[in-house]
Amino acid sequence: MTDRLFTETLCAAVGEDLLSTRLSEDVVFADLGAETVRPLLDFAALNDILARCALEPPRLRLHRKGAPVPASRYTDTGRTSGAERTVIRPDGLYRELRDGASLVLDAVDRLHPPVREATDDLMRLVRERAQVNLYLIWGDSHGFDTHWDDHDTFVIQVEGTKSWQVHGPGSRRHPMKVDSDHGHGAPEGTVWEGVLSPGHVLHVPRGWWHTVKGTGDVSMHLTFGFTRATGIDWARSLLQHLYDVDFFRADLPRFGSAEDRRKHQHELIRRLADAAEEHDVDGFLAEHDARFPRRQSFALPWAVDGAAPQAHTRVEFVPILPPPVKREGEQVAVTVSGKRYRLPAAAEPVLNALARRPRTTVAELAEDSGTPIEATAAVLRALVRHHLVLLR
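Residues numbered from 1 in each chain as written. Predicted model: local features only at pLDDT ≥ 70, side-chain atom pairs only at ≥ 80, totals over all residues. Heavy atoms only, no water.

Taking an unreviewed UniProt entry as the reference, the protein is identified by name as JmjC domain-containing protein belonging to Streptomonospora arabica. As its UniProt record puts it under Cofactor (unreviewed entry), the protein is described as follows: "Fe(2+)". (UniProt positions renumbered as here; feature names shortened; annotations may be inferred.)

Next comes the structure, spelled out in structure tokens:
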């Protein structure tokens with residue numbers, strides 16, 4: 001089941017220390033088995049995506065030996081509803097792949113449900129946003145030179161084989177996409193080396209240099225990338241809280257004396273330290289979770305016509321991270337994607353049950369929550385209007 005690929009299958013294979021000591025700190029390798037990852041993506045599903053989704057560069061692009069392949073070599077210009085757009089030309093795409101190009105498809109989690117389910121599961125594990133890119137190549141060429149990524153990755157091999165060398169962190173620890181120094185170099189040597197086959201999973205931390213090449217075989221892998229919160233994010237969040245402090249909104253004493261400016265600076269530092277103490281890391285992470293996005297999804301016709309769901313109706317909880325449910329008198333409050341919702345107190349056991357089992361049926365939800373089925377259906381009618389559940 002792809003919706004438990006990371007939180008159950010991978011964690012069981014790697015061990016309980018995955019999050020506490022190894023995530024973002026070390027290379028992690030696991031063999032989950034080809035049959036385990038087969039439901040994620042195969043060539044039939046990829047062909048369907050390419051035919052159905054009208055993809056175009058830069059979302060779908062080709063690279064060869066560290067350089068992008070000009071899009072004109074595998075695309076044409078077409079017209080849709082009177083507007084010009086770029087169209088992938090199959091024969092051109094085939095030719096470039098035969099000549100050693102690597103195909104990259106960004107955000108395949110938005111295009112294919114099994115990959116989306118696995119991505120949501122990864123986000124529940126690491127509590128950060130994630131995106132999945134697909135990489136496909138034939139032969140022994142490579143799409144990219146030795147490089148590092150500005151995010152953590154889990155690589156899952158789904159077809160064929162690919163050779164990996166992980167060299168470790170470079171001369172600048174924890175480099176970022178927006179950084180003051182991008183001139184650091186790769187370390188000498190290799191800390192992990194191997195050939196990935198279907199079912200193999202490899203975790204490469206942010207900033208760790210690696211070299212990836214084909215093995216002469218076909219290779220298709222999925223890279224699950226996620227960016228963890230850093231001290232920079234905490235400081236940026238702290239800055240937003242400073243707008244609530246009168247002294248920080250006041251003008252700086254540009255035309256005062258040097259002593260006036262010195263006193264003003266000392267007061268800024270004192271108040272900044274006070275604000276930083278109040279806005280601790282735990283509080284920031286709680287805010288971070290409360291702003292966690294929902295998947296773009298729709299629940300027509302239920303959300304419009306208000307029809308009552310039946311016992312067999314399937315229910316899916318929309319929040320990726322289960323939100324805390326807080327009792328406020330005769331109401332309960334939940335915060336999802338930064339928006340606060342207040343609902344009747346009768347919704348509390350239903351929301352708690354959905355947090356434990358986000359995919360269920362109305363009948364199962366009623367039993368899990370100890371709520372009569374009619375009352376459960378009434379709560380779901382309210383939740384679907386607020387885009388908190390999907391009904392199918």
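Having seen it, we continue.
Before we move on, can you summarise the sheet that holds strand S16 (residues 359-361) with the specific residues and values?
The pairing of strands in a sheet comes from backbone hydrogen bonds and takes either a parallel or an antiparallel form. In spatial order, the strands read S16-S12-S17; together these three strands make up an open sheet with antiparallel pairing. The sheet is open, and its two borders are formed by S16 and strand S17 (389-391), each paired with just one other strand. For this sheet, the mean inter-axis angle between neighbouring strands, taken without regard to orientation, is 25°. Pairing of strand S12 (residues 314-317) with S17 involves three bridges; the strand directions are antiparallel. Within S17, the residue paired with glutamate 316 across the bridge is leucine 390. Sitting on the sheet, helix H14 (residues 373-385) is in contact with S12 and S17, with an inclination near 110° to S17. (Pairing = 2+ DSSP bridges. Helix = DSSP H or I, 4+ residues; strand = E, 2+ residues; numbered from the N terminus. Axes fitted to C-alpha atoms, helices over the stretch in contact; angles between N-to-C directions. Contact = heavy atoms within 4.5 Å.)

Run through the pattern of salt bridges, naming residues and quoting values.
According to the stated counting rule, one finds 28 salt bridges in the structure shown. Two residues, arginine 262 and glutamate 259, come together in a salt bridge whose shortest N-O distance is 2.3 Å. Within this pair, arginine 262 and its partner glutamate 259 are both found in helix H9 (residues 258-278), separated by three residues, close to a single helical turn. The exposure class of glutamate 259 is partly exposed, given its relative accessible area of 35%. One salt-bridge network, held together by shared partners, links Arg64, Arg73, Arg95 and Glu96. (Salt bridge = Lys/Arg side-chain N within 4 Å of Asp/Glu carboxyl O. Buried < 20%, exposed > 50% of the residue type's maximum accessible area, 1.4 Å probe, protein only.)

Report on the side chain of histidine 221, specifying residues and quantitative values.
Looking at where histidine 221 falls in the secondary structure, it is placed in strand S11 (residues 208-226). Of the polar contacts made by the side chain of histidine 221, one reaches the side chain of threonine 223; its length is 3.3 Å. Residues contacting histidine 221, with those up to four places away along its chain left out, are Asn133, Leu134, Tyr135, Val155, Ile156, Gln157, Val158, Lys162 and Trp164. (Polar contact = N/O pair within 3.5 Å; in protein donor to acceptor, adjacent residues only side chain to side chain.)

So what's going on with a negative patch on the surface? Residues and values would help.
A contiguous patch of negative charge on the surface is contributed by Glu277, Glu278, Asp280 and Asp282. With respect to the helices and strands, the residue aspartate 280 is situated in the loop between H9 and helix H10 (281-290). (Patch = residues over 30% accessible without salt bridge, like charges linked within 9 Å, V, L, I, M, F, W, Y side chains within 5 Å. Areas by Shrake-Rupley, 256 points an atom, 1.4 Å probe, with all protein chains shown as cover. Lys, Arg positive; Asp, Glu negative; His and termini not counted. Charge placed at Lys NZ, Arg CZ, Asp CG, Glu CD.)

Which residues make up helix H13 (residues 362-369), and what values go with them?
Residues Val362, Leu365, Ala366 and Ser369 constitute the buried set of H13. Taken around the axis of H13, the buried residues stretch over an arc of 100°, which confines them to a single face. Buried residues in H13 make contact with S12, helix H12 (347-356), S16 and H14. (Arc of directions from axis to C-beta.)

Quick rundown of the packing of helix H1 (residues 5-14) against helix H6 (residues 113-126)? Include the residues and the values.
One way to put it is that H1 packs onto H6 with a least axis distance of 8 Å and a crossing angle of 75°. Relative to H6, the element H1 lies roughly perpendicular. Judged by residue contacts, Leu5, Phe6, Thr7 and Cys11 of H1 engage Ala118, Asp121, Leu122, Arg124 and Leu125 from H6. (Parallel < 35°, antiparallel > 145°, perpendicular 65-115°, else oblique.)

Describe in detail the nonpolar core, supporting the description with residues and values.
Counting residues in hydrophobic clusters, the biggest one holds 51 residues, and the most contacted among them are Phe6, Leu105, Phe154, Leu222 and Phe224. If one sorts the elements of this core by residue count, H6 sits on top with six residues. The contact partners of leucine 222, leaving out residues within four places of it in the chain, are Leu40, Leu41, Val108, Val115, Val132, Asn133, Leu134, Phe154, Val155, Ile156 and Val158. If you look at the next biggest cluster of nonpolar residues, it comprises 25 residues, including Val318, Val334, Leu383 and Leu391. (Core = buried A, V, L, I, M, F, W, Y, C linked by side-chain atoms within 4.5 Å.)

Could you give an account of the packing of aromatic side chains, naming the residues involved and the relevant values?
Two aromatic rings, taken as a pair, are described by how far apart their centres are and by the angle between their planes. Scanning the model with the defined rule gives six aromatic pairs in all. Here the aromatic rings of tyrosine 135 and phenylalanine 144 are separated by 6.3 Å at their centres, their planes lie at 75°, and the arrangement is edge-to-face. Pairwise contacts between aromatic rings join Phe6, Phe154, Phe224 and Phe226 into one cluster. (Phe/Tyr/Trp six-rings, centres within 6.5 Å; stacked < 30°, edge-to-face > 60°.)

So, the pairing of strand S1 (residues 28-31): which residues are in play, and what are the values?
If a strand is regular, its side chains alternate between the two faces of the sheet. In S1, alternate side chains face the same way, and those of Val28 and Ala30 are buried while those of Phe29 and Asp31 on the opposite face are not. Pairing between S1 and strand S10 (residues 200-204): four bridges, direction antiparallel. Residue valine 28 lies in a different strand from S10, and its bridge partner there is histidine 203.

Tell me about unusual backbone geometry, and please be specific about residues and values.
Here the residue pair proline 57 and proline 58 is connected by a cis peptide bond, since its omega of 10° sits within 30 degrees of zero. As for its placement among the helices and strands, proline 58 is situated in the loop between helix H4 (43-52) and strand S2 (60-64). A cis amide bond links leucine 300 to the next residue, proline 301, at an omega of 5°. The topology assignment puts proline 301 in the loop between H10 and helix H11 (302-305). The phi dihedral of arginine 127 is positive, around 55°, even though this residue is not glycine.

So what's going on with the packing of H13 against H14? Residues and values would help.
Contact geometry for H13 and H14: axes closest at 9 Å, N-to-C directions at 110°. What the angle tells us is that H13 and H14 run roughly perpendicular. Here Val362, Ala363, Leu365, Ala366 and Ser369 of H13 come into contact with H14, specifically with Ile373, Thr376 and Leu380. Considered class by class, the residues forming the contact of H13 with H14 number six nonpolar, two polar and no charged. (Nonpolar A, V, L, I, M, F, W, Y, C, P; charged D, E, K, R; others polar.)

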